[in-house]
Amino acid sequence: MAKDGMELAVNADLNGAKEVVDELMDKMGFSMSYQSAFEAIANRGSAAASLMLGPFAGKNNAAVKFSLSYRENGGKTTVLLADAGSGLGKTLTLTGGATKKALQDVYDTLKEGINRKGL
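What you are looking at is a predicted structure, and each value in this text was computed from that prediction instead of being measured.

1. As for the pairing of strand 4 (residues 64-73)
Stage number 1. Direction of pairing for strand 3 (residues 39-44) relative to strand 4: antiparallel, over a ladder of 6 bridges. Looking at the pairing, alanine 40 lines up with leucine 68 of strand 4.
Stage number 2. Note that strand 4 and strand 5 (residues 76-83) share 8 bridges and pair antiparallel. Note that in strand 5 the partner of arginine 71 across the bridge is threonine 78.
Stage number 3. Taking the residues that link successive antiparallel strands as the turn, the strand 4-strand 5 hairpin has 2 residues, and the phi of glycine 74 there is positive, at about 60 degrees.

Encoded structure:
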């Protein structure tokens, strides 16, 4: 799990929160894979583009990997979004700053989408 994370509160049970987050992540071009009922990994972009172009790969082509952890309590779910990419890979491709920006963009988009759905 990454050091820095951002929390989102979703006014829905675990399944409802995962459904909304999955839909929003898909719209942003991420593929989701669940490690367990409470842990997911979201991937977007091309490792090859990141290796060849580094920070110039572009927002949707730079390889980013985020972890999502879900905690349900009383019908409400907290989602922790964090960077799950390799520090060495970001150093070699000079994409560390792009990853931080992408993490903030994803967080903002998720927050806006969850609010728009009234959750």
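2. Comments concerning the sheet that holds strand 4
By way of backbone hydrogen bonds, the strands of a sheet pair with one another, either parallel or antiparallel.
Stage number 1. Taken in spatial order, the 5 strands make up an open sheet running 1-5-4-3-2, and their pairing is antiparallel. The open sheet has two edge strands with one neighbour each: strand 1 (5-10) and strand 2 (31-36). Strand-to-strand twist of the sheet, defined as the mean angle between neighbouring strand axes without regard to direction, takes the value 25 degrees.
Stage number 2. Along the sheet, helix 1 (residues 14-27) makes contact with strand 1, strand 2, strand 3, strand 4 and strand 5, crossing strand 4 at roughly 160 degrees.

Scoring rules and cut-offs
- Per chain, the residues get numbers from 1 upward, laid out in the order the sequence is written.
- Per-residue local features of the predicted model are confined to residues with pLDDT of at least 70, and side-chain atom pairs are confined, for both listing and counting, to 80 or more; whole-chain, interface and lining totals are unaffected and use all residues.
- Neither water nor hydrogens contribute to the side-chain values; these are computed over all heavy atoms in the structure.
- Each pair of strands is called paired provided DSSP finds at least two bridges between the two strands.
- Each helix is a run of H or I in the DSSP string that is no shorter than four residues. Each strand is a run of E no shorter than two, and both are numbered from the N terminus.
- To get an axis, fit a line to the C-alpha atoms, keeping to the stretch in contact for a helix; angles then go from 0 to 180 degrees between the N-to-C directions.
- We call two residues in contact when some of their heavy atoms are within 4.5 Å.

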